[in-house]
Amino acid sequence: GAMLLVLVGKAGGDYLALRQARYRPATIKSEAFVLRRFVANVGDLQVRNLTPEHVERWFASILAPHTDRAGVARPAVQPSSHNFYRARLKGFFGFCSKRGWTRADLLTDTPPMTVTRRERQQPSPSPLWAVLDNAAEPRDRALPAGAMHTGPGPTGTASPTVSDPNPPAPNPRVGRGPRRG
């Protein structure tokens, strides 16, 4: 049968409407961002006229420093962002394919990128003990000791916040059995 004449923007709206019932608003918002960005650059073509070259050109454009629609100069996207955008578009292109709007594998020329992982710094125990031993007050040991025991990562303790200076007493009840007495 003949493919329907559906514009990419309309297809994107249909895709997001279908996904809204199953996914959280933040997910839909990020998918809408990627789809809007794609359509703004490639154009609101008929889905059947989209080619792997259109997709490859769009990814090449964001992998170089570029200017967004608001005229703001942006740096090249990182490999992790490239892969995130690719995953969002892969779901959308699959949606279009299932409906018969395209037969092309639109991501064939756009493989995922390799993401380099930074190695996390893990100091030996002696400098950690020195931090604790040099604390003037036992109270001053609390934050570094908590960080050392929980391992929250480099930003987990950078800006601790206290929402209530007098928090309620913790619930001493432990376990799953019925409350006794």
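Quick look at the structure, then.

About the thresholds
Along each chain, numbering runs from 1 in the same order as the chain's sequence is written. Only residues with pLDDT of at least 70 are given local features in this predicted model, and only at 80 or more are side-chain atom pairs given and counted; all residues enter the totals for whole chains, interfaces and linings. The side-chain numbers reported here are obtained from all heavy atoms of the structure, hydrogens and water having been left aside. The secondary structure listing takes helices from DSSP runs of H or I that are at least 4 residues long and strands from runs of E that are at least 2 residues long, numbered from the N terminus. Exposed residues in this analysis have more than 50% of their type's maximum accessible area, buried residues have under 20%, and partly exposed residues fall in between, with area computed by a 1.4 Å probe over protein chains only. Two residues form a contact once any of their heavy atoms are found within 4.5 Å. Note on areas: Shrake-Rupley with a 1.4 Å probe; residue coverage comes only from the protein chains shown. Salt bridge, as used here, is a side-chain nitrogen of Lys or Arg placed within 4 Å of a carboxyl oxygen of Asp or Glu. Buried Ala, Val, Leu, Ile, Met, Phe, Trp, Tyr and Cys residues that are joined via side-chain atoms within 4.5 Å together make up what is termed a nonpolar core. Only the stretch in contact is used when fitting a helix axis, every axis being a line fitted to C-alpha atoms; angles between N-to-C directions are given from 0 to 180 degrees. An angle below 35 degrees is treated as roughly parallel, one above 145 as roughly antiparallel, one from 65 to 115 as roughly perpendicular, and anything else as oblique. Each crossing gets its hand from how the near helix is turned against the far one by less than a right angle, where anticlockwise is left-handed and clockwise is right-handed. Polarity classes work like this: nonpolar for Ala, Val, Leu, Ile, Met, Phe, Trp, Tyr, Cys and Pro, charged for Asp, Glu, Lys and Arg, and polar for all others, with Gly in that last group.

**Topic: the overall build of the protein chain**
Move 1: Looking only at helices and strands, the protein chain features 6 helices and 2 strands.
Move 2: The N-to-C order of helical and strand elements in the protein chain reads α-α-α-β-β-α-α-α.
Move 3: Buried residues in the protein chain amount to 23% of all 181 residues.
Move 4: Contacts in the protein chain between residues far apart in sequence, at least 24 positions, make up 64% of those at least 6 positions apart.
Move 5: Counting every atom, the protein chain has about 13,300 Å² of accessible surface; 54% of that belongs to carbon and sulfur.

**Concerning the pattern of salt bridges**
Where side chains of opposite charge bring their charged atoms close, a pairing between them can arise.
Move 1: In total, this model carries 3 salt bridges according to the counting rule given.
Move 2: Across the pair Arg19 and Glu31 runs a salt bridge, and its minimum N-O distance is 2.7 Å. On the criterion of sequence distance, the pair formed by Arg19 in helix H1 (residues 8–20) and Glu31 in helix H2 (residues 25–42) is long-range, its members being 12 residues apart. Each member of the pair, Arg19 together with Glu31, is buried.
Move 3: A salt bridge links Glu31 to Arg88, with the nearest nitrogen and oxygen atoms 3.5 Å apart. Pair noted here: Glu31 is in helix H2 and Arg88 is in helix H4 (residues 79–98), with a separation of 57 residues, a long-range link.

**Side note on the nonpolar core**
Move 1: Residues Phe38, Trp58, Phe59, Leu89, Phe92 and Phe93 are the most contacted members of the largest nonpolar core, which totals 28 residues.
Move 2: Broken down by secondary-structure element, the contributors of at least two residues to this core are H1, H2, helix H3 (52–62) and H4.
Move 3: For this core, the leading source of residues is H2, giving 7 residues.
Move 4: Residues within four places of Phe92 in sequence aside, it is in contact with Val8, Ala11, Gly12, Tyr15 and Leu35.

**Describing the packing of helix H5 (residues 125–133) against helix H6 (residues 142–150)**
Move 1: Close contact between H5 and H6 brings their axes to 9 Å; oriented N to C, the two are set at 155 degrees. Accordingly, the angle class assigned to the pair H5 and H6 is roughly antiparallel. Taken as a pair, H5 and H6 cross one another with a handedness that is left-handed. Residues Leu128, Val131 and Leu132 of H5 lie in contact with H6, whose contacting residues are Pro144, Ala145 and Met148.
Move 2: A per-class count over the contact of H5 with H6 returns 6 nonpolar, no polar and no charged.

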